[in-house]
Amino acid sequence: MDTIASLFSFITWPVSWVIVQFHKLYGAIFGPDTGWAWGLSIVSLVVLIRICLIPLFVKQIKATRNMQALQPKMKAIQERYKSDKQRQSEEMMKLYKETGTNPLSSCLPILAQSPFFFALYHVLSNIASGKEIGVLNQQLVDSARQAHIFGAPIASKFMDSPEAVAALGASLTDVRIVTAIMIVMMSASQFFTQRQLMMKNVDLSVKTPYMQQQKMLMYIFPLIFAVMGINFPVGVLVYWLTTNVWTMGQQMYVINQNPTPGSKAQDSYLQRLLKSVTNHGEIRSRRHKAVVKAIVAKGSDRNENERRFIGGLAKAGFAAQADGTVVKSDAAVAEAEGTAAPKRQQPKRQTKAQRQSGGQQAKGDETADETVEETAEESAGEAAQDTEPKTSLEKKPETPAKGGTQGGGRSRANSGGSRQRKGQQRPKHPSSKK
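This structure is a prediction, so every number in the text was calculated from the model and none was measured. Note on numbering: residues in each chain are counted from 1, in written sequence order. Local features are withheld for residues below a pLDDT of 70 in this predicted model, meaning they are given only at 70 or higher, and side-chain atom pairs are given and counted only at 80 or more; totals for whole chains, interfaces and linings count all residues. Excluding hydrogens and water, the side-chain figures rest on all heavy atoms present in the structure.

*Asks:* Help me out: how do you make sense of the side chain of D160 in this one?
*Replies:* Here a strand is any run of E in DSSP of at least two residues, a helix any run of H or I of at least four, and the numbering for each starts at the N terminus. Examined against the element boundaries, D160 turns out to sit in the loop between β2 (152-153) and α8 (162-167). Buried charge without a salt bridge: D160, with K157 as the nearest opposite-charge side chain at an N-O distance of 5.2 Å. In terms of polar contacts, D160 uses its side chain to reach the backbone amide nitrogen of K157, at 2.7 Å. Contacts are assigned to residue pairs that have any heavy atoms within 4.5 Å of one another. Once residues lying within four places of it in the same chain are set aside, the contact partners of D160 are A155, V165, L172 and R176. Note on classification: 1.4 Å probe, protein chains only; a residue is buried when its accessible area is under 20% of the maximum for its type, exposed when over 50%, partly exposed between these limits. Positive: Lys, Arg. Negative: Asp, Glu. His and the chain ends are not part of the count. One side-chain nitrogen of Lys or Arg within 4 Å of one carboxyl oxygen of Asp or Glu is enough to make a salt bridge. Pairing of N or O atoms within 3.5 Å defines a polar contact, subject to two protein rules: one partner must be a possible hydrogen donor and the other a possible acceptor, and residues neighboring in sequence count only if both atoms are side-chain atoms.

*Asks:* I would appreciate a short explanation of the nonpolar core in the present structure.
*Replies:* We call a set of buried residues a nonpolar core when its members are Ala, Val, Leu, Ile, Met, Phe, Trp, Tyr or Cys and they connect through side-chain atoms within 4.5 Å of each other. Counting 44 residues, the largest nonpolar core has W38, L45, F117, L120, I127, L136 and Y239 as the members making the most contacts within it. Among the secondary structure elements, those contributing two or more residues to this core are α2 (12-30), α3 (35-52), α6 (108-129), α7 (138-146), α9 (172-200) and α11 (234-257). Top contributing element to this core by residue count: α6, with eight residues. Residues within four places of I127 in sequence aside, it is in contact with L136, V141, A144, R145 and A155. Counting residues in each nonpolar core, the second largest holds 12 residues, with L270, L274, V277 and V326 among its members.

*Asks:* Sorry, what's going on with the pattern of salt bridges here?
*Replies:* Pairing is possible between side chains of opposite charge, provided their charged atoms come close. Counting across every chain of the model gives five salt bridges. Notably, a salt bridge pairs E306 with K298, separated by 2.7 Å at the nearest N-O pair. On the basis of relative accessible area, K298 is assigned to the partly exposed category, the value being 32%. Linking E304 and R308 is a salt bridge whose minimum nitrogen-to-oxygen distance equals 3.9 Å. Placement of both E304 and R308 in helix α14 (residues 304-315) is noted, with a separation of four residues, approximately one turn of the helix. Taken together, the shared-partner salt bridges in this structure form one network comprising D267, E304, R307 and R308.

*Asks:* Looking at this model, I keep getting lost on the packing of aromatic side chains. Mind explaining?
*Replies:* Each aromatic ring pair is described using two quantities: the centre-to-centre distance and the angle formed by the ring planes. Aromatic pairing here means that ring centres of Phe, Tyr or Trp (its six-membered ring) are within 6.5 Å. Orientation follows from the plane angle: under 30 degrees is stacked, over 60 is edge-to-face, and everything else is tilted. According to the stated counting rule, one finds six aromatic pairs in the structure shown. When the ring of Y121 is compared with that of F232, the centres are 6.5 Å apart and the planes differ by 70°; the resulting orientation is edge-to-face. Taken together, the residues Y121 in helix α6 and F232 in the loop between α10 (209-229) and α11 connect sequence positions 111 residues apart. You can call Y121 buried: its relative accessible area is 2%. Three or more aromatic residues joined by ring pairs make a cluster, and in this case those are F225, Y239 and W240. When the NZ atom of lysine or the CZ atom of arginine is within 6 Å of a ring's centre and also within 35 degrees of its normal, the charge is said to sit over that ring. For R176, the ring lying beneath its charged end belongs to F158, and the centroid distance is 5.4 Å.

*Asks:* Explain empty space enclosed by the protein here, please?
*Replies:* Over the atoms, a rolled probe matching the size of one water molecule traces out where space is still vacant. Using a 1 Å grid laid over the protein atoms alone, points where a 1.4 Å probe fits but cannot get out form a cavity; open sets with protein on both sides within 12 Å along at least 5 of 7 lines form a pocket; any residue with an atom within 4 Å of a point counts as lining. Grid points are joined across faces, edges and corners, and a volume is the space filled by probe spheres set on the points. Tallied over the full model, the rule gives three cavities of 30 Å³ or more. There is about 50 Å³ of room inside the largest cavity. Among the elements of the structure, α3 and α6 are those that each provide at least two residues to the lining of the largest cavity. For the lining of the largest cavity, the element with the most residues is α6, which contributes four residues. Gly falls in the polar group here, along with every residue not listed as nonpolar (Ala, Val, Leu, Ile, Met, Phe, Trp, Tyr, Cys, Pro) or charged (Asp, Glu, Lys, Arg). Classifying every residue of the lining of the largest cavity gives nine nonpolar, no polar and no charged.

*Asks:* Please explain α11 as it appears in this structure.
*Replies:* Because the α-helix completes a turn every 3.6 residues, residues three or four places apart line up on one side. A helix is expected to span 1.5 Å multiplied by its residue count minus one. Taking 1.5 Å of rise per residue, the 24 residues of α11 would be expected to cover 34 Å, and the 35 Å separating its terminal C-alpha atoms lies within 8% of that figure. Burial analysis of α11 places 17 of its 24 residues in the buried class, the great majority of the element.

*Asks:* Is there a simple way to think about helix α5 (residues 85-99) in this case?
*Replies:* Look at α5: 21 Å from first C-alpha to last across 15 residues, which is about the 21 Å you get at 1.5 Å a residue. G100 sits one or two residues past α5 and shows a positive phi near 65°.

Shape descriptors only; they carry no functional weight alone.
Now the structure itself:
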């Protein structure tokens, strides 16, 4: 570690100068030889560096999202050219160039911060040895050696010998307790930061090898920091713990305000936006209008979270416009209620006995229907027979001639025969002519 730190000795002068300037400020408040003055100087160094690295952090977020969006296409290229590694690499580089994505952009903040980290490590190592470095003269070095953070000197390490710790005016037990607690906190903050990114700000509908790698890193990075932490001075542990906490808070803000599409964080963000629109009846901030405008422009390409948001607006009586605003709309409410399809219920499964009884009942129903039809036909025949005598009575009776008795007999016989034939034949309609 000392060899690597010596490679960045060129940056030790600006790092030591920044620490000295902050030490003057905090030394006037807490005392020049206190752990608070030197510890807060290191914390302020971290804050200053991270503020300068904000543009790189924004690029890291964009690069990470672009890499997540390209995973399905990258997987297709790997499967298509799995037997030709050279063609596979060429297609990958072509895809990166077309989309403007740089895989190394996600590592920019760590790479840019590494020189300052090793420079601080080099400064603290020289303080532990009592040597001047950068703008730290011997008086400032002696003051830093006397500074203790919760009983542990800022230049002491977990693996230091009892003699080395005693030379700094502390006990080995205090040093190991403080360093162990700080190592655990450093590893835990690293794990929580990575877990927050994976569980909340990732589109879980996309399953690719990249996602599996990120999950592995979530567990590997904390272990690496835990192993390396036993060789870090207390001041470096303060530096790294501070930068982890800063990263966690910065990432939390980005996730809450600009989540990845399709992630749980986007769902929570859109639900908060929906609640705000319902309460105030409008979209107030320009950033929220830009979000709604982008969702409306997607049309049918919206993800599940965005469709749920548009449906929630419709149920609340609002319709999203192309410019990102919302307006009252009764038609949206009717459409939201009309498009709600009822749940399809599956018929209950019948037992064998129920199916047999149902078949017998169906046969009984068919027999009953046939009986009803026959009854209806007989009723219609009787009704026709009843109407025919009425039509014959309407005619005027003729004057009987000679031999009327015989004619009457023949007529009665004929009428009886006709009635018998009519009973057997299909009845005629009363208005039809004979």
